[in-house]
Amino acid sequence: MNINIIEGGVTSPKGFLSSGIHAGIKKDKNKKDLALLVSEKICNAAGVYTKNKVKGAPLLVTKDHLIDNKAQAVIINSGNANTCTGEKGLIAAETMCSLVANSLNYKTEDVLVASTGVIGVQLNVKPIEDSMTSLIDELSPEGSLSSAEAIMTTDTFSKSLAIKFELSGKEVTLGAMAKGSGMIHPNMATMLSFITTDVNISPALLDKALKDTVNISYNRISVDGDTSTNDMVVILSNGLAENTLIDTENEDYLVFVEALKTLNITLAKMIAKDGEGATKLIECTVSNISSEEIGEKLSKSVISSSLVKSAIFGSDANWGRVLCALGYADVDVDLSNIDIFFESAKGTIKVCENAFPVNFSEELAKEILLEKEIKILVDMKSGSHSVTCWGCDLTYDYVKINGDYRS
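Residues numbered from 1 in each chain as written. Predicted model: local features only at pLDDT ≥ 70, side-chain atom pairs only at ≥ 80, totals over all residues. Heavy atoms only, no water.

If you check an unreviewed UniProt entry, the protein appears there as Arginine biosynthesis bifunctional protein ArgJ from Clostridium intestinale URNW. The Subcellular location (unreviewed entry) comment attached to the protein in UniProt states, word for word, "Cytoplasm". The record held by UniProt for the protein lists under Subunit (unreviewed entry) the comment "Heterotetramer of two alpha and two beta chains." (UniProt positions renumbered as here; feature names shortened; annotations may be inferred.)

Asker: What am I meant to see in the packing of helix H1 (residues 57-65) against helix H2 (residues 86-104) here?
Answerer: At a closest axis distance of 8 Å, the pairing of H1 and H2 adopts a crossing angle of 55°. Looking at the two axes, H1 sits oblique to H2. Between H1 and H2 lies a crossing of right-handed hand. Contacts between H1 and H2 pair Ala57, Pro58, Leu60, Val61 and His65 from the former with Gly89, Leu90, Ala93, Glu94 and Cys97 from the latter. (Axes fitted to C-alpha atoms, helices over the stretch in contact; angles between N-to-C directions. Helix = DSSP H or I, 4+ residues; strand = E, 2+ residues; numbered from the N terminus. Parallel < 35°, antiparallel > 145°, perpendicular 65-115°, else oblique. Left-handed = near helix turned anticlockwise from the far one by under 90°. Contact = heavy atoms within 4.5 Å.)

Asker: Would you explain the pairing of strand E15 (residues 373-379) in this entry?
Answerer: Both faces of the sheet carry side chains from a regular strand, because those side chains alternate between them. Taken together, the 7 bridges between strand E11 (residues 281-289) and E15 define a ladder with parallel strand orientation. Bridge assignment links Glu283 to a residue of E15, and that residue is Lys375. (Pairing = 2+ DSSP bridges.)

Asker: Would you take a moment to explain the packing of helix H6 (residues 203-215) against helix H7 (residues 251-273) for this structure?
Answerer: Working note: a packed helix pair is described by the angle between its axes plus the distance between those axes. Axis separation between H6 and H7 bottoms out at 9 Å; the angle between their running directions is 40°. It follows that H6 is oblique to H7 by the angle criterion. Between H6 and H7 lies a crossing of right-handed hand. Contacts between H6 and H7 involve Leu205, Leu206, Lys208, Ala209, Leu210, Asp212, Thr213 and Val214 from the former and Tyr253, Phe256, Val257, Leu260, Lys261 and Asn264 from the latter. Counted by class, the contact of H6 with H7 contains 9 nonpolar, 2 polar and 3 charged residues. (Nonpolar A, V, L, I, M, F, W, Y, C, P; charged D, E, K, R; others polar.)

Asker: How should the pattern of salt bridges be read in this particular structure?
Answerer: Opposite charge on two side chains permits pairing when their charged atoms draw close. Applying the stated criterion across every chain, the model contains 19 salt bridges. Residue Glu149 is joined to Lys32 by a salt bridge in which the shortest nitrogen-to-oxygen separation is 3.0 Å. With a gap of 117 residues between them, Glu149 in helix H5 (residues 144-150) and Lys32 in the loop between strand E2 (16-21) and strand E3 (34-49) connect regions that are remote in the sequence. Put simply, Glu293 and Lys297 hold a salt bridge, and the shortest N to O gap is 3.9 Å. With a gap of 4 residues between them, Glu293 and Lys297 both fall in helix H8 (residues 292-304), about one helical turn apart. Residue class for Glu293 comes out exposed when judged on its relative accessible area of 55%. Taken together, the shared-partner salt bridges in this structure form one network comprising Arg220, Glu292, Glu296 and Lys300. (Salt bridge = Lys/Arg side-chain N within 4 Å of Asp/Glu carboxyl O. Buried < 20%, exposed > 50% of the residue type's maximum accessible area, 1.4 Å probe, protein only.)

Asker: Sorry if this is basic, but what is going on with the environment of Asn337 here?
Answerer: By the element assignment, Asn337 lies in the loop between helix H10 (319-327) and strand E12 (339-344). Given the relative accessible area of 32%, Asn337 is considered partly exposed. For the pair Asn337 and Lys261, spaced 76 residues apart in the sequence, the C-alpha separation amounts to 32 Å.

Asker: Whenever I open this one, helix H9 (residues 306-313) confuses me. Can you help?
Answerer: When we look at burial in H9, the residues that qualify are Val308, Lys309, Ala311 and Ile312. Burial along H9 is one-sided: seen end-on, the buried residues are contained in an arc of 160°. Ser315 lies just past H9 and shows a positive phi near 55°. (Arc of directions from axis to C-beta.)

Asker: Even after reading the chapter, I still don't get the nonpolar core, so can you show me in this structure?
Answerer: A general trend in soluble globular proteins is that nonpolar side chains are found buried together. Ranked by internal contacts, the top residues of the largest apolar core, which has 39 residues, are Phe165, Leu174, Ile195, Phe256 and Leu263. Looking at this core, the elements that each hand over two or more residues are E3, strand E6 (159-167), strand E7 (170-179), H6, strand E10 (232-237) and H7. Sort the elements by how many residues they give to this core and H7 lands first, with 12 residues. Each residue touching Phe256, except ones within four places of it in the same chain, is listed here: Phe165, Leu167, Leu174, Thr197, Val199, Ile201, Leu206, Ala209, Ile235 and Ile246. In this structure, Ile289, Ala329, Ile340 and Ile368 belong to the second largest nonpolar core, which totals 32 residues. (Core = buried A, V, L, I, M, F, W, Y, C linked by side-chain atoms within 4.5 Å.)

Asker: Quick question: what am I supposed to make of the side chain of Ser301 here?
Answerer: Its location among the elements puts Ser301 in helix H8. Once residues within four sequence positions are removed from consideration, Ser301 is found in contact with Ala325, Leu326, Tyr328 and Ala329.

Asker: Mind showing me how you'd approach the packing of aromatic side chains here?
Answerer: In total, this model carries 0 aromatic pairs according to the counting rule given. A cation over a ring is seen here: Lys159 above Phe157, with NZ or CZ 4.5 Å from the ring centre. (Phe/Tyr/Trp six-rings, centres within 6.5 Å; stacked < 30°, edge-to-face > 60°. Lys NZ or Arg CZ within 6 Å of the ring centre and 35° of its normal.)

Asker: Help me understand empty space enclosed by the protein in this model?
Answerer: Using a probe with the size of a water molecule, rolled over the atoms, empty space left in the structure can be pinpointed. Tallied over the entire structure, the rule returns 1 cavity of 30 Å³ or more. What the largest cavity holds in volume is close to 30 Å³. What lines the largest cavity is Val308, Ala311, Ile312, Asp316, Asn318, Arg321, Val322, Phe342 and Ile376. Elements with a minimum of two residues in the lining of the largest cavity: H9 and H10. Among the elements that make up the lining of the largest cavity, the one with the highest residue count is H9 (3 residues). When its residues are assigned to classes, the lining of the largest cavity shows 6 nonpolar, 1 polar and 2 charged. (1 Å grid on protein atoms, 1.4 Å probe; cavity = no way out; pocket = protein on both sides within 12 Å on 5 of 7 lines; lining within 4 Å. Points joined across faces, edges and corners; volume = space filled by probe spheres on them.)

Asker: Mind showing me how you'd approach the sheet that holds strand E9 (residues 221-222) here?
Answerer: To summarise the sheet geometry, strands pair through backbone hydrogen bonds and adopt either a parallel or an antiparallel arrangement. Here 7 strands make up an open sheet; going across it, the order is E9-E16-E11-E15-E12-E13-E14 and the pairing mixed. Here the strands that pair on one side only, and so sit at the sheet edges, are E9 and strand E14 (356-357). Bridge analysis of E12 against E15 gives 5 bridges, and the strand direction is antiparallel. For Phe342, the partnering residue across the bridge sits in E15 and is Ile376. Sitting on the sheet, H7 touches E9, E11, E15 and strand E16 (385-392), and the angle it makes with E16 is about 40°.

Below, the structure is given as structure tokens:
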């Protein structure tokens, strides 16, 4: 299986164009705030959405438009979440779709919509309407960077990725762009991810592949414990690679899932690394555990712990906080045999054996934890499964960013 990560984004697969412009939703004219993604051909499509009971108007509209698992375009704005905005919010989201549909002669229900930004503020659609001609004129096979920039809020860098691989001798491509920095917690977060592919695959298997890979990628990251109202992952497949239709879980399907898993995990790690105010990526692997479900709960508990995150920020090998987080995870496990290690590019150090302290070099531990990517390795010695989740450290800047988010 030869899966190659390449430079690119949502326009890397055949038949996709995108654009990103400043429409006036954000006050800063130097920041893009409106993006458009289109396919030259109608796509099979699928989506996964936040589990928050409060859902943004764009998410509700997109779910409705995806009932038939078909789509041809996605319009996305940043700077305003269009959430908790009632009937006016739903009208605004539908209007965004109809503006694109009327301009490109698409069906309105084939246009999806997403928004990100401040909650509880009515979205003024007039700047979007006034910018529609520019947004469409800017559509380009080279538009992936502009569109990725236009969906950012507190992100410090844009997040794009593309992957090339083969299916039955045909070269195929996956592309994606994502955003996310704060309100990130397992079961999706204030993150958006838009995935494109030229693979020819049935709607049912596209939906299954998306859900299965989201569960082991975006659903295994946490920045701050807040699950957002607007997060979604959408995938569009236009079939222009002309591979044999994937309509059974055959070898081509397994390769496609592996490529999609690689793409989604890579993007999920980018989001975790770019947590608001973050300086370090934390990766927690719980190994030799009795089931994947238990391992996931344990690993999520560690990466979600404010005390663990604070210790990693301070490069403090406070393994007791890791053990504490494992102890309050809602699972029935034997904690008496746990070994804990810290690891980075500077090496690996065991700090706990059988849930008891071991003599270790504080100096080496500090050196290891000063790196930008930290691994917490937990050996449960009670099974054969292994699960990894991702988070980031908790810093002073997180409070600064969220203390005046609306301004």
